[in-house]
Amino acid sequence: MTLTELKYIVAVAREKHFGRAADACYVSQPTLSVAVKKLEDELEIKLFERSAGDVSVTALGEDIVRQAQSVLEQAAAIKEIAKRGKDPLAGVLTLGVIYTVGPYLLPELVRHAIARTPQMPLMLQENFTTRLLEMLRTGEIDCAIMAEPFPDTGLAMAPLYDEPFLAAVPSSHPLAEQASVSASQLKSETMLLLGTGHCFRDHVLEVCPEFARYASNAEGIRRTFEGSSLETIKHMVSAGMGVTLVPRLSVPRDALLTGTRRRKSDDNHIRYLPIAEDDGSAPPMRRVVLAWRRSFTRYEAIAALRNAVYACELPGVTRLS
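A short tour of the structure in this document, coming up.

Attention now goes to the overall build of the chain. Counting secondary structure elements, the chain contains eleven helices and twelve strands. Across the 321 residues in the chain, those meeting the buried criterion constitute 46%. Within the chain, contacts between residues at least 6 apart in sequence are counted, and of these 73% link residues at least 24 apart. For the chain, the accessible surface area stands at approximately 16000 Å², while carbon and sulfur atoms represent 55% of it.

Moving on, we come to the pairing of strand β1 (residues 48–51). Examined bridge by bridge, β1 and strand β2 (residues 54–57) share four bridges and lie antiparallel to one another. Residue serine 51 lies in a different strand from β2, and its bridge partner there is aspartate 54. Between β1 and the antiparallel strand that follows it, β2, lie two residues; glycine 53 among them carries a positive phi value of about 70 degrees.

Right, let's talk about the packing of aromatic side chains for a bit. Enumeration according to the criterion identifies three aromatic pairs in this entry. Taken together, a centroid distance of 5.0 Å and an interplanar angle of 75 degrees make the contact between tyrosine 99 and phenylalanine 128 edge-to-face. With a gap of 29 residues between them, tyrosine 99 in the loop between β3 (93–98) and α5 (102–116) and phenylalanine 128 in the loop between β4 (122–127) and α6 (129–138) connect regions that are remote in the sequence. Aromatic pair phenylalanine 165 and phenylalanine 200: ring centres 5.0 Å apart, planes at 75 degrees, arrangement edge-to-face. With phenylalanine 165 in strand β6 (residues 156–170) and phenylalanine 200 in helix α8 (residues 199–207), this pair connects stretches of sequence that are 35 residues apart. When its relative accessible area of 3% is taken as the criterion, phenylalanine 165 is described as buried.

Our focus in this paragraph is helix α11 (residues 299–311). With 13 residues, α11 should cover 18 Å at 1.5 Å per step; its first-to-last C-alpha distance of 19 Å lies within 8% of that length. Taken as a whole, α11 has its buried residues at Ala301, Ile302, Ala304, Leu305, Ala308 and Val309. End-on, the buried residues of α11 take up no more than an arc of 160 degrees, which puts them together on one face.

A few words on the nonpolar core. Within the largest apolar cluster, 43 residues are counted, with the highest numbers of intra-cluster contacts made by Leu95, Leu109, Ile145, Met146, Tyr161 and Leu290. For this core, the elements supplying multiple residues, two or more each, are β3, α5, α6, β5 (143–147), β6, β11 (285–292) and α11. Counting residues per element, this core draws most heavily on α11, which supplies six residues. Sequence-distant contacts of isoleucine 145, defined by excluding residues within four places in its chain, comprise Leu95, Gly96, Val97, Ile98, Val101, Leu105, Leu109, Leu160, Val288, Val289, Leu290 and Val309.

For the rest of this paragraph, the subject is the layout of surface pockets. Counted as a void, the largest pocket has a volume near 1000 Å³. Residue lining of the largest pocket: 33 residues in total, with Leu72, Ala76, Gly139, Glu140 and Asp142 positioned closest to the centre. At the level of elements, α1 (3–15), α2 (18–25), α4 (59–86), β4 and α6 are the ones that each hand at least two residues to the lining of the largest pocket. For the lining of the largest pocket, the leading source of residues is α4, giving nine residues. Tallied by class, residues from the lining of the largest pocket come to 16 nonpolar, seven polar and ten charged. Of the volumes computed, that of the second largest pocket is approximately 320 Å³. Considering only residue class, the lining of the second largest pocket consists of eleven nonpolar, no polar and five charged.

This part takes up the pattern of salt bridges. Counted by the stated rule, this structure contains 13 salt bridges. Across the pair glutamate 73 and arginine 293 runs a salt bridge whose closest N-O atoms are separated by 3.0 Å. Separated by 220 residues along the polypeptide, glutamate 73 in helix α4 and arginine 293 in the loop between β11 and α11 bring together distant segments of the chain. For glutamate 73, a relative accessible area of 17% puts it in the buried group. The partner of arginine 286 in a salt bridge is glutamate 163, and the shortest N-O contact between them spans 3.0 Å. Highlighted residues: arginine 286 in strand β11 and glutamate 163 in strand β6, separated in sequence by 123 residues. Accessibility assignment for this pair places arginine 286 and glutamate 163 in one class, buried. A single salt-bridge network, built from bridges that share partners, covers Arg14, Glu15, Arg20, Arg131 and Glu140.

Using the criterion set out here, one finds one cavity of 30 Å³ or more in the structure. The volume enclosed by the largest cavity comes to roughly 40 Å³. The wall of the largest cavity is formed by Ile98, Tyr99, Thr100, Asn127, Phe128, Thr129, Gly197, His198, Cys199 and Phe200. Its residues assigned to classes, the lining of the largest cavity comprises five nonpolar, five polar and no charged.

Reading the values: rules and limits
- Residues numbered from 1 in each chain as written.
- Predicted model: local features only at pLDDT ≥ 70, side-chain atom pairs only at ≥ 80, totals over all residues.
- Heavy atoms only, no water.
- Helix = DSSP H or I, 4+ residues; strand = E, 2+ residues; numbered from the N terminus.
- Buried < 20%, exposed > 50% of the residue type's maximum accessible area, 1.4 Å probe, protein only.
- Contact = heavy atoms within 4.5 Å.
- Areas by Shrake-Rupley, 256 points an atom, 1.4 Å probe, with all protein chains shown as cover.
- Pairing = 2+ DSSP bridges.
- Phe/Tyr/Trp six-rings, centres within 6.5 Å; stacked < 30°, edge-to-face > 60°.
- Expected span 1.5 Å × (residues − 1).
- Arc of directions from axis to C-beta.
- Core = buried A, V, L, I, M, F, W, Y, C linked by side-chain atoms within 4.5 Å.
- 1 Å grid on protein atoms, 1.4 Å probe; cavity = no way out; pocket = protein on both sides within 12 Å on 5 of 7 lines; lining within 4 Å.
- Points joined across faces, edges and corners; volume = space filled by probe spheres on them.
- Nonpolar A, V, L, I, M, F, W, Y, C, P; charged D, E, K, R; others polar.
- Salt bridge = Lys/Arg side-chain N within 4 Å of Asp/Glu carboxyl O.

As structure tokens, then:
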């Protein structure tokens, strides 16, 4: 049994395909297949069920792949310990970010990271929360910036900031004349939502649960529009197609200015309004956190990344320590 063979079975379990696993490990498919078969023969068990174009992990194989991942992490930790003796921050840090945070945080975060820790380049991966959690579990990424809540997977977490939501309405809409808007006022509007898989979609439906029923019937097609990104949805709002909720950091800096101070753009056709409930309850918001595996040993790298986030301007959010 070798670390290389363990790496191969982890890759097959992740990709559910021998060809893609071989590509991910930079070897030929026959080389990978022979190594996997050798390990199965040594253990005298079947790790994978193979069928036409499909590979699944056996029940016992799941336990072995999980242990293989742990062994690979421990082997990597030996190298990390050696590196830390020279420079605790040396080496690439692989960071995952959800789609509704990445475009608004990463540009400034990367600039600060380069300035503060040039010896620790960031390798970035944007994806859905569920996929990032899986990538954390399998070691494909070192840490991830996500929004709570998400399933408890035994990860270590550090809160970064609480971010309020704003309502985005067309500037020609009657609601645009108000100083704020309530969730009850949004109930009768055409709500533009992110597609299934985006955690921010779930956050919006928590604020306006009435729209959850539109996701699975024909009425929903007429009453809602599902977009692939917040920017797509904001363009739809600008065109007068409906209203939506957006996280504060996605609002352009000058969009909250008034009069001649605003630059001409699509956001001239959007009014961003705080959400204030009549009963005085707290406005809706999300908590953004940094998560990593508890077995990850580069503590200084995590601390440096957090400090780089805190160095960002982050207008309108509440920083957490």
